[in-house]
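Examination of the molecular architecture
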Amino acid sequence: MYRPNRFTRLAVLAVAGSFAVSACGSSDSDSSSGGSSDEGSSAEKKGTQIYFVDGNTADYSGDFDPGTLKGVKATYPGAELGDAFRERMLGVNSKLKDFTYGPESYDATIVAALAAIAADNDSGKAIAGEMANVSGEGEKCTEFKQCADLLADGTDIDYDGVSGPLDLNSTGSPSAATIGIFEYGEDNNYKNLDYITGEIPDESDVKANQKVSGGAGQGDGTLTIGTLLPATGDLAFLGPPEFAGVDLAVKEINGAGGVLGKDVTQVKADSGDGSPNIAPSETDKLLRGKADAIIGAASSSVSLSVIDKITGAGVVQISPANTSTAFDTYADKGLYFRTAPSDVLQGQVMAQTLSADGYQNVAILARQDSYGEALADNVEKFFTESGGKIVAKTLYDANAANYTAEVEELKGQDPDAIVLIAFDETKKIVPELIKAGIGQNG
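Residues numbered from 1 in each chain as written. Predicted model: local features only at pLDDT ≥ 70, side-chain atom pairs only at ≥ 80, totals over all residues. Heavy atoms only, no water.

**Points about helix α3 (residues 124-134)**
For α3, the set of buried residues is Gly124, Ala126, Ile127, Ala128, Met131 and Val134. On its buried face, α3 sits against α2 (102-119), β5 (157-159), β11 (316-319) and β12 (336-338). (Buried < 20%, exposed > 50% of the residue type's maximum accessible area, 1.4 Å probe, protein only. Helix = DSSP H or I, 4+ residues; strand = E, 2+ residues; numbered from the N terminus. Contact = heavy atoms within 4.5 Å.)

Pasting the structure below:
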């Protein structure tokens with residue numbers, strides 16, 4: 001079994017004075033996917049070290065020959081899950097192989113329900129007005145019934161969820177979060193090395209049109225949760241745990257008495273992440289279904305394609321997986337929230353990981369969209385601040401027939417390591433990297 005080495009406690013690099021980042025321990029147990037890793041340091045690998053991020057951290061055991069990804073490291077947001085929560089998730093979907101963004105989906109639903117209770121109103125604007133309050137200062141609580149009982153007694157609450165403490169700030173984003181660091185093994189699946197917890201500074205200049213304005217109006221008395229999550233598309237592998245997270249939350253909320261004396265209802269839609277044209281019509285379906293809060297989308301680009309439609313209808317949007325920094329200052333009328341952290345944090349943790357591994361000349365190959373560009377910019381910012389050099393930052397069209405030109409561009413810069421910011425196209429890019437002799441074990 002793999003034993004964590006120098007990642008047991010990562011040192012904090014002086015890459016950003018506004019952050020507080022610390023390692024919160026390592027685990028020999030699989031934290032999310034059932035994958036495994038093998039002994040061996042990156043120095044023993046041939047070729048150029050590859051790093052993945054949350055968009056392409058997946059189980060590739062059926063996609064590549066054994067050992068293809070051995071030694072690849074990856075980062076994605078999410079705290080270590082306990083066995084009890086895993087079992088609860090499996091109780092609503094016994095076929096789950098992965099739990100990525102399931103906790104964030106669960107917490108998004110729970111916070112929306114608690115906000116409706118705190119407001120005594122299930123309308124979108126009313127929910128939005130209480131989201132930060134129920135996840136911020138107050139008496140700490142960790143389960144829906146416990147929190148709902150405190151609210152019924154007139155007590156202010158601070159819901160700490162399974163995905164982390166949340167503490168939603170003025171932009172609707174978590175003010176602190178955890179990023180996991182993983183490594184792929186011989187089976188092309190991944191296993192935890194460490195978890196890094198960091199604080200995310202609030203935006204000091206929040207525009208007026210990012211705040212809830214006008215009367216909230218009275219809801220119809222039934223909290224309806226809409227889900228705009230990937231059943232198809234490039235992020236379809238994230239769909240099952242995200243849907244399961246919402247389903248579990250609704251099940252437990254209703255088992256504890258529901259919201260405002262009634263059971264929470266659901267209406268579901270496919271975000272088709274990677275195919276933004278699907279999301280607008282699917283969003284219309286949710287609005288026709290009288291959704292008060294919409295959980296989703298997973299892709300930042302997809303959320304940006306529907307955020308105006310959702311918030312314009314006075315409905316609150318809560319993404320469990322959007323990480324683009326574009327949402328930090330977006331004019332969302334105070335109706336957009338997320339339970340995943342801004343990529344400002346993942347960018348710092350990736351930079352810290354690269355430096356800790358001893359790499360100085362790094363290339364970035366990223367999707368040309370709001371997610372890929374924002375994360376690439378943050379990796380570059382923090383890595384260069386720590387003394388490293390980004391020798392190439394190449395953006396690619398996710399719909400391209402091949403990525404030969406981009407790979408050749410990277411090869412010409414002779415990087416020590418490559419950060420690949422991708423979705424499902426990872427399955428096409430990695431073989432091209434290896435063929436060019438610059439990929440993992442190339």
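After that view, the rundown keeps rolling.
**Some thoughts on the environment of serine 300**
Note on placement: serine 300 falls in helix α7 (residues 300-312). Beyond its immediate chain neighbours, meaning those up to four positions away, serine 300 contacts Asn322, Thr323, Ser324, Phe327, Ser370 and Tyr371. Of the polar contacts made by the side chain of serine 300, one reaches the backbone nitrogen of serine 324; its length is 3.3 Å. (Polar contact = N/O pair within 3.5 Å; in protein donor to acceptor, adjacent residues only side chain to side chain.)

**Looking at the state of the cysteines**
Evaluated as defined, the whole model comprises one disulfide. Residue cysteine 141 pairs covalently with cysteine 147 via a disulfide, S to S 2.1 Å. Note on the cysteine 141 and cysteine 147 pair: the S-S dihedral is about 115°, so by sign convention the disulfide is right-handed. Cysteine 147 carries the same exposure label as cysteine 141, and that label is buried. (Disulfide = S-S within 2.5 Å.)

**What to know about the sheet that holds β12**
Strand order across the open sheet formed by five strands is β9-β8-β10-β11-β12, with parallel pairing between neighbours. Edge strands, defined here as strands with exactly one partner in the open sheet, are β9 (265-270) and β12. The sheet shows a mean angle of 20° between the axes of neighbouring strands, direction not considered. Bridge count between strand β8 (residues 224-229) and strand β10 (residues 293-296): four bridges; the pairing is parallel. When the bridges of β10 are listed, isoleucine 225 appears paired with alanine 293. Docked against the sheet, α3 engages β11 and β12, running at close to 50° with respect to β11. (Pairing = 2+ DSSP bridges. Axes fitted to C-alpha atoms, helices over the stretch in contact; angles between N-to-C directions.)

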